[in-house]
Structure formats: C-alpha cells, structure tokens
Amino acid sequence: MNTPLLEVRYDILAANARAVVDLCKKCGVEVWGVTKGCCGMPDVARAMLEGGVAGIGESRLANLQRIRNAGIHAPALMLRLPHLSEVRAVVEYFDMSLNSELVTIEALSREAQRLEKRHGVILMVDVGDLREGLWPDRVLETALRVSRLGGIELLGIGTNLSCYGGVIPSESNLGLLVQLARQIEELLGHPLRFISGGNTSTLPLMAQGRLPAGINMLRIGEAILLGTESINRTPWPGTRQDAFVLHAEVIECATKPSVPIGERGQDGFGGRPAFEDRGLIRRAIVNIGRQDVLVENLACLDPGMDILGASSDHLILDVTHADERIHVGDIIDFKLGYGALLQAMTSPYVEKRVV
Ligand SMILES: *Cc1c(COP(=O)(O)O)cnc(C)c1O
C-alpha cells in the first residue's frame, strides 16, 4: 500500500445516495448530488447518479470539467455564484447556475446567446444565513428582469443555510422562500420549475414532515458523502459513515513523555498548545500532516488511539491503549469530517483509490 491513501468506497456512496433520494422522493423533493467535497471526483459523481440523484451540483468549473472529461453528461448545476471572467465556460459546461447578481446574469445571457444555448438560472435568496443571495425585498424586481433576458431561463429560486451563519432551516425561513416563489409565479404567469430549499441541513426538517409545501429540490453533499446531517453531525438514518477511510503509515513509535521538555515558545503554526500530563506514553508518528488534512477534523478508527497534534508533515498519536501494539510500518486508519475530506481530496500528496 502506498501511503497516505484515501480509500473511496463506491458501493457505500451509491447506497447513501439511494437512501437520501428515496426519502426525499416521499416528500416530493428531488436531490442534486454535490461532489465539491471530493474535487469533482468522477467516480463519486457516478456513484451518486447510480443512487438516483437528478443531477450534479459543483462549486467549481475545474471540478465539473473533470466530471465531463470522464464522460459523465448528467445535468449540472453550478453552486458557487459564477465570477464574471468565467461566464463563457459556465454556459458551456453547466446547464444551470445559482445566481444573485444581475450583472452576472446579464453576462451569462450574452454568452448564452453567443453560443446559441439556453442557460438556466436559479435566483438565490438570503433568508438569514448571510452568505449569498438577494435580500428578499429585491427578489421580485430581479426575477422580472431576469425573465426578460435572452438565452436565460429563470428556473426557480433557492436558498442556502447553515453555511456561514449556521442558521438552521425552519418552517419560517423556508416558508418565506416559498412565499416569494409564489409571488414570482403570479408576476410571470407561469410556475417555477425549482424551489431549492438548501443542503444537507434541510434534511432533518424534511424528515420531521415540517418542510414547507412547494420546496421540491435539495442540493445534497454531506449526507451522501459522510452519512451525517450537518446541524449536529449525527449519523443520517439509512446511510453509512464509512464511505471514506484515510490510511497513514507509522514512521516512528517510541515511549516518551507527554509534556515537552524545555522553555516553550510558539509551535510551527504560531499557536501555543497546552499539554496534558499523561506521564510516559507510547507515541506514534504517521506520515500525514497539516498540508494534507484538517487535523482537528480527523479521528482514529481505533477508539484506543488519540490524536495529540500535528505539524505540516507529521501527525502524532498516543497509541498507549491501542488495540494492538503499534510498530513502524503499521497502517493507521482514520475517519474524516467534511473539512478533512475536502483537504485530503485536494492534497496532491494523498493517493486516492476507489474500491
Ligand atoms: C456545498 C453546497 C451545497 C451542499 O452542501 P452539503 O452540506 O454538503 O449538503 C449545497 N448548496 C450550495 C450552494 C453549496 O455551496
């Protein structure tokens, strides 16, 4: 085994997608699978599509190009607001995008007409999380303007929650979204195709039967990738939490004290860590570090092991109470949170293997 290695379990991803898709279907909601946590890894997109998602949501053009180059031609939704300098490629590669700025939609309109294509737009509304989205009092006027642009199809409206502000989706904030959608429909005289009610964090409200009627699309990454909801990070019913496992290799293992010896300044990253005195412990160093993974978002699969800290290239573990006695060359397994997954996927030093 070449290490560090991130193992991607295709069948678990497909089954997780299926579980989420089936539940959403019962509530009249279609699922778009979000692959940005895996840098648009084509096999992850394939697994989600096999699990029944309606299309792929990606935040970055380069990730979608990777998916397209692998021969996957499912409908694609651009999640991050397009920047002006990429609108041409966005129209070329994506069927639709989330948007909040009229200037950008006008630029998309020009490129769509030039390419003789129609580009779908979902207008984002900020219902309180304070990331992207039109303020509600601007929505009607903007929708009317967008509906008149050539090459653009106003497909619906949407919102995003729990990302920047940590605001939990509710009957009240998603109810406002539906109310605005109905006003647009009245104004335009035809129904909107999508009312997009957020991401993984909307699943608990939906499962409680409290999702406002009318919401018919969710954009789901985490619940499929990690099998967790994103409000308290508890396991999501019907999914597994082990679609990804990170393997790293022990490069030193020795019995040493738990508290450094000598006068202490800053550590390698400008912090001043505190140390718990555990006496003499068996310490293992494995070949992964802050350059590869968000260490705080990582956990050892063996509950008897403990992460003590890390530098750029080293992760230091307390293996005193490990299941088995650890030696140089042993492989240690870790599970990852969203941030750790994202960074491991992004690190060129971590090999990825789909099984
Ligand atoms: C990342 C993202 C999602 C998916 O979020 P998860 O919490 O992984 O389900 C959905 N919508 C937008 C706009 C995003 O940026």
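Residues numbered from 1 in each chain as written. Predicted model: local features only at pLDDT ≥ 70, side-chain atom pairs only at ≥ 80, totals over all residues. Heavy atoms only, no water.

Chemist: Whenever I open this one, the pairing of strand β13 (residues 306-310) confuses me. Can you help?
Modeler: Consecutive side chains of a regular strand alternate in pointing toward one face of the sheet and then the other. Alignment of β13 against strand β14 (residues 315-318), held across four bridges, turns out to be antiparallel. Within the sheet, the bridge partner assigned to glycine 309 lies in β14 and is isoleucine 316. Once β13 ends, the chain turns through four residues before running back antiparallel as β14. (Pairing = 2+ DSSP bridges. Helix = DSSP H or I, 4+ residues; strand = E, 2+ residues; numbered from the N terminus.)

Chemist: Would you take a moment to explain the pairing of strand β6 (residues 119-124) for this structure?
Modeler: By the criterion of burial, β6 is predominantly enclosed, with six of the six residues buried. Side chains His119, Val121 and Leu123 of β6 all project onto a buried face; the interleaved residues Gly120, Ile122 and Met124 project onto the opposite face, where all are buried too. Of the strand pairs in this sheet, strand β5 (residues 96-99) and β6 are connected by four bridges, and their pairing is parallel. Bridged to serine 97 within β6 is valine 121. Handedness of the β5-helix α5 (residues 102-114)-β6 crossover: right-handed. Sheet analysis places β6 next to strand β7 (residues 152-158), joined by six bridges and oriented parallel. (Buried < 20%, exposed > 50% of the residue type's maximum accessible area, 1.4 Å probe, protein only. Right-handed = clockwise from strand over helix to strand, strands pointing away.)

Chemist: How should the site of the ligand be read in this particular structure?
Modeler: Close to the ligand lie 13 residues, the nearest being Lys36, Thr200, Arg219, Gly221 and Glu222. In this structure, glycine 221 approaches the ligand through a main-chain N or O atom, which is 2.8 Å from an oxygen atom. Burial of the ligand by the protein chains amounts to 93% of its free accessible area of 390 Å². Partitioning the shell around the ligand into residue classes produces four nonpolar, four polar and five charged. (Near = heavy atom within 4 Å. Polar contact = N/O pair within 3.5 Å; in protein donor to acceptor, adjacent residues only side chain to side chain. Areas by Shrake-Rupley, 256 points an atom, 1.4 Å probe, with all protein chains shown as cover. Nonpolar A, V, L, I, M, F, W, Y, C, P; charged D, E, K, R; others polar.)

Chemist: Would you explain the state of the cysteines in this entry?
Modeler: Should the sulfur atoms of two cysteines be covalently bonded, the bond is a disulfide. Here the structure, examined in full by the defined rule, presents zero disulfides. Here cysteine 38 is not disulfide-linked; the sulfur of cysteine 39 is the nearest cysteine sulfur, at 7.4 Å. Among the residues examined, cysteine 38 registers a relative accessible area of 0% and is labelled buried. Its sulfur unpaired, cysteine 253 is 12 Å from the next cysteine sulfur, which belongs to cysteine 300. Using a relative accessible area of 17% as the deciding quantity, one classes cysteine 253 as buried. (Disulfide = S-S within 2.5 Å.)

Chemist: Please clarify how helix α6 (residues 139-147) should be interpreted in this entry.
Modeler: Each α-helix winds once per 3.6 residues, and so residues spaced three or four apart point in a common direction. Among the residues making up α6, those that are buried are Val139, Thr142, Ala143 and Val146. Projected onto a plane normal to the axis of α6, the buried residues spread over an arc of 100° and lie on a single side. Lining the buried residues of α6 we find α5, β6, β7 and α7 (171-188). (Arc of directions from axis to C-beta. Contact = heavy atoms within 4.5 Å.)

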